[in-house]
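Structure at a glance
Listed below, chain by chain, are the residues.
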Amino acid sequence: MVIDNQSIAIIGGGPGGLTLARLLQIHQADVKVYERDLNPYARVQGSPLDMHEGSGMDALRAADLLDEFKKNYRPGADKMLIVNEQAVIVFSDHETKPDENFGNEDFRPEIDRGPLRNMLLDSLEPETVVWDSHFISMEKQNNGWLLHFKNGSSAYADLVIAADGAHSKIRPYLTDLRPIYSGILMLEGNVSNAETAAPHIKELIKDGKIMAFGNDKNLLLGQKGSGDLGFYASFRTDENWAAKSGLDFSDGKQVLEWFKKEYCGWSTIWYELFENASVPFIPRPIYYMPLDQGWETQSHLTLLGDAAHVMPPFAGEGANMAMLDALELSRCLTSDEFSTLYEAISHYETQMRQRAAKAIKESLENGDKMHSETALATMLEFFSSH
């Protein structure tokens, strides 16, 4: 293998970084994951993920984690309602969705991010993840890199793999290309114990997902296994809306008044979300990388997931693409097909960029459809045909 006797540093402990660490350790690679979180419990994990055949599910099988996944996924959580702004149901697959069938290309089992992360962490050798390692900078040393972290520590690695997200601090060491704002912003909220805090929404969602459309805007909701309810108000606006809005996102009453005004004409049922959400709300401008991006391959540095090809969430491909990146990169690094690290990384990056461009395009197109005047009719037609 081209990584024999090579020390590997993965920067970032999200689904892509942890999946790669697991796949490399199966081949006895010397790998560390450097994660900025203080510990595994430092952050509330976001909305549930649906795993796709041909990407996320393939990576889990290769990592020998399918049985663990089956213990942790949430049957029925992939069931969908489409409603209008008055919360009138126009589409439901709750009765028609076929039973769970692993291996069926149309089956997209849901798992909460926390259990997925814990499952991946538990699969790694002890002390693989170095917590409280907020990457600051690195410089070339010998044939590899000397990494520096905010806590004052440093570490050497022959090969560095950036899995540190959309605003990767490692990406600039490889390319000057930066993410582009999509024109869409998502305001994230979370309701704890939705059964008592948002009973009307809880009754409507039935442990699945809701997409609500009206007035060029939408609300996207997902039930979590913890009993919490994650939601996003998604709309077109200026990239710097959060700063210009004058809103205090730690003040739920202010955000509710904003919703009443900006989502004018929407049913009062939705107020339940904003009245009972934990604060602060989190504004998330949505970015993407150019479809034709390219860079010159380096022998001891590469990227995966959002660090390589951040995309809007409107096709559900982000985490799946990151895990597929991990699978393909691990295959290149452990294959006898390549004689040098440069060849292995170059092959991976070429395939990865082509694959990601298609997913980014689909995500952008879906985002346009979901934020148009005809969003409800368009999405109803799409889901009815599937």
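It should be noted that the structure appears before, not after, this text.
**As for the pattern of salt bridges**
Evaluation of the coordinates by the stated rule reveals 15 salt bridges. Across the salt bridge formed by Arg-331 and Glu-328, the nearest N and O atoms sit 3.6 Å from each other. On the criterion of helical spacing, the pair formed by Arg-331 and Glu-328 is a turn pair, its members being three residues apart in helix H11 (residues 318–334). Residue Arg-331 is classed as partly exposed on the basis of its relative accessible area of 45%. Each of the salt bridges in this network shares a partner with another, and the network as a whole consists of Glu-35, Asp-37 and Arg-117.

**Overview of the pairing of strand S14 (residues 217–223)**
Of all the seven residues making up S14, seven are buried; the element is thus mostly covered by neighbouring parts of the structure. Covered by surrounding structure in S14 are Lys-217, Leu-219, Leu-221 and Gln-223 together with Asn-218, Leu-220 and Gly-222, the residues of both alternating faces. Relative to S14, strand S13 (residues 209–214) runs antiparallel, the two sharing six bridges. Bridge assignment links Lys-209 to a residue of S14, and that residue is Gly-222. The turn linking S13 back onto S14 is made up of two residues, and Asn-215 within it adopts a positive phi angle of 55°.

**Considering the packing of helix H1 (residues 15–26) against H11**
Following both chains from N to C, one finds H1 and H11 inclined at 30°, their axes separated by 8 Å at the closest point. Relative to H11, the element H1 is oriented roughly parallel. The two elements H1 and H11 cross, and the hand of that crossing is right-handed. Residues Pro-15, Gly-16, Thr-19, Leu-20, Leu-23 and Leu-24 of H1 lie in contact with H11, whose contacting residues are Ala-322, Met-323, Ala-326, Leu-327, Leu-329, Ser-330, Leu-333 and Thr-334.

Procedures and definitions
Residues numbered from 1 in each chain as written. Predicted model: local features only at pLDDT ≥ 70, side-chain atom pairs only at ≥ 80, totals over all residues. Heavy atoms only, no water. Salt bridge = Lys/Arg side-chain N within 4 Å of Asp/Glu carboxyl O. Helix = DSSP H or I, 4+ residues; strand = E, 2+ residues; numbered from the N terminus. Buried < 20%, exposed > 50% of the residue type's maximum accessible area, 1.4 Å probe, protein only. Pairing = 2+ DSSP bridges. Axes fitted to C-alpha atoms, helices over the stretch in contact; angles between N-to-C directions. Parallel < 35°, antiparallel > 145°, perpendicular 65-115°, else oblique. Left-handed = near helix turned anticlockwise from the far one by under 90°. Contact = heavy atoms within 4.5 Å.

Taken by themselves, the reported measurements are silent on function.
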